[in-house]
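One letter stands for each residue in the lines below.
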Amino acid sequence: MTVHNLYLFDRNGICLHYSEWNRKKQAGISKEEEFKLMYGMLFSIRSFVSKMSPLDMKEGFLSFQTSKYKLHYYETPTGLKVVMNTDLGVGNIRDVLHQIYSYIYVEYVVKNPLCSLNETIQSELFRSKLDTFVRSLPFFSARAG
Amino acid sequence: MAIFSVYVVNKAGGLIYQLDHYAPRAESEKTFGFPLELVLRPHDERVLVAFGQRDGVRVGHAVLAINGLEVNGRFTGDGRDVLEYLSSPANFPVSIRFGRPRLSSNEKLMLASMFHSLFAIGSQLSPEQGSSGIEVLETDTFKLHCFQTLTGIKFVVLADPRQAGIDALLRKIYEIYSDFALKNPFYSLEMPIRYPLLLGQEQQQGPASPPPVTGAALEAAASSPLNV
Amino acid sequence: MARQGSRGGAESKKMSSELFTLTYGALVTQLCKDYENDEDVNKQLDKMGYNIGVRLIEDFLARSNVGRCHDFRETADVIAKVAFKMYLGITPSITNWSPAGDEFSLILENNPLVDFVELPDNHSSLIYSNLLCGVLRGALEMVQMAVDVKFVQDTLKGDGVTEIRMKFIRRIEDNLPAGEE
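Now for a description of the structure that goes with this document. (Residues numbered from 1 in each chain as written. Chains lettered and ligands numbered in written order. Predicted model: local features only at pLDDT ≥ 70, side-chain atom pairs only at ≥ 80, totals over all residues. Heavy atoms only, no water.)

Sheet strands pair via backbone hydrogen bonds, and the direction of the pair is either parallel or antiparallel. Ordered by their spatial adjacency, ten strands build an open sheet running 2(A)-1(A)-5(A)-4(A)-3(A)-9(B)-10(B)-11(B)-1(B)-2(B), and the pairing between neighbours is antiparallel. Both outer strands of the open sheet, strand 2 (15-20) of chain A together with strand 2 (15-20) of chain B, are each paired with one neighbouring strand and no more. On average, each strand axis in the sheet is tilted by 10 degrees relative to the strand beside it, whichever way the strands run. Relative to strand 10 (residues 143-148) of chain B, strand 9 (residues 136-139) of chain B runs antiparallel, the two being bridged by three bridges. Following the sheet pairing, Glu138(B) is matched in strand 10 of chain B by Lys143(B). Against the sheet, helix 2 (residues 94-110) of chain A makes contact with strand 1 (3-9), strand 2, strand 3 (61-65), strand 4 (70-75) and strand 5 (81-86) of chain A, and its axis sits at roughly 50 degrees relative to strand 4 of chain A, the strand it touches most. Helix-sheet contacts for helix 3 (residues 166-183) of chain B involve strand 1 (3-9), strand 2, strand 10 and strand 11 (154-159) of chain B, and the interaxial angle to strand 11 of chain B is about 140 degrees. (Pairing = 2+ DSSP bridges. Helix = DSSP H or I, 4+ residues; strand = E, 2+ residues; numbered from the N terminus. Axes fitted to C-alpha atoms, helices over the stretch in contact; angles between N-to-C directions. Contact = heavy atoms within 4.5 Å.)

See the structure below:
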C-alpha cells in the first residue's frame, strides 16, 4: 500500500502545495497545466455530483478509483481542498486528510503570519512536517522499484 | 430501490440510453409569511435556495410550485418572475413547494457528456502506469460505477453506496445491450436506443424469439433480486 | 500513528488572561497615539481584526469539526456557543432577531478584553473592542458570508451590557463553484 502524491488547493484554484512520493507516471503536461486540470476536474466532479445525487448531500464527493489508483478528496468550508492519490488497497481516509488540514496546514501555515495565504506555500517547515506525517501513515510504504 | 439510475454513453460522450429508478426526491410544501427567511438565487433555469434551511427545506432545493401552481423555470405558472413575485409583501402569505430539482433530459445529456470527459481525465492524471478511467466514484449519498467496453461504450450505474453486486449488474447490462446491438439490424451503433418495444412491459426477462426487449430487460435487471 | 504538531500539549499553551488583556490594551493605546483620532483607530482595529479572522476561521474549523452552516440561525448558534466559548471563554446570548431572520444581537455580560479598562472622556467615540467586529467579518467572509458587524451597546460607555449586532448582507457567490451547497 502506498501514497502516490498529494495536492493542496485553495478556494480560488491556486495550488498551494504539491508533493510526490511514489509516482510512476507523469501527466505529460507542465506542472501548472496539471494543477489546472486537476482543479478543473474536481470542480466539475463536485458540480456533477450535486446534480446527480438523488438525495441531499452532506459531505458530497468523497473519492474515486480507477483500475490503478484511488483519489481521496476532502474540502473544508473555507474552500481548502486536500487531494491524495493512493493505491487501491486504501479505504476511507477522510480523517487523515482532516488531520493534514488541522495539524499541519492550520498549524504551520495559517498560524504563521509570515506565510501569506492564497499563494504557494514556501515554508520548509510545512513541507517537512507534511512529509514526515505522510511517511508515518500505516498505509504508506516506500515501494522497492 | 438501491439502484438509482442507469446511463449508457457512446464513444463520443453522447447519451444513448437512460433509466431512472428511484423513489421521488424529498419535497416539502410550506406557507411562508413576508419576509421570506430563505435566501433565493437564480441558477441555470431555476430558482434555488442559496442559504437558509427550515422544516425540510434545504440549501440547493428549487422552487417547484407557488400556491399549488407549478413554476416554469424562473417564472410562475402564470408568467411572472418568481424572484420579483416573492419580494413583494402584497403576495404573502404564500405557499411554496421546495424540493431537489429533477434533471431535465438536456441536463442528463450534459451530465453524461461531462462524465465522459471526467472519465478520461481520471486516466490522464494517474500517478500509475496503465490506468483506466474512473470506475467507481463515491459520495456520501450514492456510488457511481462505470464499465467501459473495449469498443468505448460506457455503462454507468448509480446506486446506494452499500449496494453490492454492481459489477455483475454492469456485465449483465452489457450482455443485454450487445444482444440488442448485434441482433437488431435496424439499430445503428452509437445512436440513442429508442425502439417502442423497449418501453412498457415491466417483468419481461431475457431473450425471446421476438427481438429482445432491451429497455424492459434493463429495467428488469435493475429491479432483480440483486436489489434489496 | 505519529502525530505531528503539538495539539496534545494544548493545556500547556494556555496564556493568562491578564497578559492578553494587557497586550490588547497596549495595542489600543499605541494606536491612539499613532492615529490621534478615534475614527481612524476604530478602522485600524477593524482591519486588524479582519486579518485575524481570515486565519482564525481555519483554526476554528480544524479544532471544532463544525461543518458548513446552511442557515443564519445555525451560524449564530455556532458563533455564540462554540466560537466565543473556544476563544474567549464566554457564551454570549443571542437575541433580537429581525423578522426576516437576517439580523441578530449578541449580548455579552462581560467582555474579557475590557477587564479594568475605563474610557477617558477624550476618547468617547473609540470602539475599544472593535477588533472583534473585524474578526467576525473576516472569518465569515471565508465561509462565503458577507456580514456587517457593529457594537450597539458598550459597558465602557455606560451601558448595562455589551451588544454586538450582526447583519447578514449576502452570500458570496463569486468563488463558489457551480453546484456548491
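Residue and element names in this part refer to chain C. The strand order across the open sheet formed by four strands is 1-2-4-3, and the pairing between neighbours is antiparallel. Looking along the sheet, the strands with just one partner apiece sit at the ends: strand 1 (93-95) and strand 3 (145-153). Adjacent strand axes in the sheet meet at a mean angle of 30 degrees, parallel and antiparallel pairs treated alike. Sitting on the sheet, helix 3 (residues 72-88) touches strand 1, strand 2 (103-108), strand 3 and strand 4 (162-171), and the angle it makes with strand 2 is about 15 degrees. Here helix 4 (residues 130-142) sits on the sheet and contacts strand 3 and strand 4; the angle it forms with strand 3, its principal contact strand, is near 165 degrees.

As a further point, take the packing of helix 2 (residues 38-64) of chain C against helix 3 of chain C. Each pair of packed helices gets described by two things: the angle between the helix axes and the distance between those axes. All names here are of chain C. Here helix 2 crosses helix 3 at 100 degrees, and the two axes come no closer than 11 Å. Considered as vectors, helix 2 and helix 3 are oriented roughly perpendicular to each other. Contacts between helix 2 and helix 3 involve Leu56, Asp59, Phe60, Arg63 and Ser64 from the first element and Val78, Val82, Ala83, Met86 and Tyr87 from the second. Here the residues of the contact of helix 2 with helix 3 are counted per class, giving seven nonpolar, one polar and two charged. (Parallel < 35°, antiparallel > 145°, perpendicular 65-115°, else oblique. Nonpolar A, V, L, I, M, F, W, Y, C, P; charged D, E, K, R; others polar.)

This part covers the pattern of salt bridges. Residues and elements named next belong to chain C. Applying the stated criterion to the full structure yields 26 salt bridges over all chains. Residues Asp59 and Arg63 are paired through a salt bridge, measuring 3.4 Å at the closest nitrogen-oxygen approach. With a gap of four residues between them, Asp59 and Arg63 both fall in helix 2, about one helical turn apart. You can call Asp59 buried: its relative accessible area is 3%. Between Lys167 and Asp102 there is a salt bridge, with the nearest N and O atoms lying 3.7 Å from each other. Taken together, the residues span a long stretch of sequence, with Lys167 in strand 4 and Asp102 in the loop between strand 1 and strand 2 at a distance of 65 residues. Looking at Lys167, the relative accessible area reads 31%, which means it is partly exposed. (Salt bridge = Lys/Arg side-chain N within 4 Å of Asp/Glu carboxyl O. Buried < 20%, exposed > 50% of the residue type's maximum accessible area, 1.4 Å probe, protein only.)

Both the distance between ring centres and the angle between the ring planes are used here to describe each pair of aromatic rings. Across all of its chains, the model carries 25 aromatic pairs over all chains by this definition. Ring centres 4.8 Å apart and planes at 50 degrees place the aromatic pair Tyr7(A) and Tyr18(A) in the tilted group. In this pair, Tyr7(A) is assigned in strand 1 and Tyr18(A) in strand 2, connecting sequence segments eleven residues apart. Pairing Phe48(A) with Phe115(B) gives two aromatic rings, centres 5.7 Å apart and planes at 25 degrees, and the pair type is stacked. Of this pair, Phe48(A) sits in helix 1 (residues 31-52) while Phe115(B) is found in helix 2 (residues 105-124), placing the two residues in two different chains. Side by side, Phe48(A) and Phe115(B) carry an identical accessibility label, which is buried. (Phe/Tyr/Trp six-rings, centres within 6.5 Å; stacked < 30°, edge-to-face > 60°.)

By themselves, these figures tell us nothing about what the structure is for.
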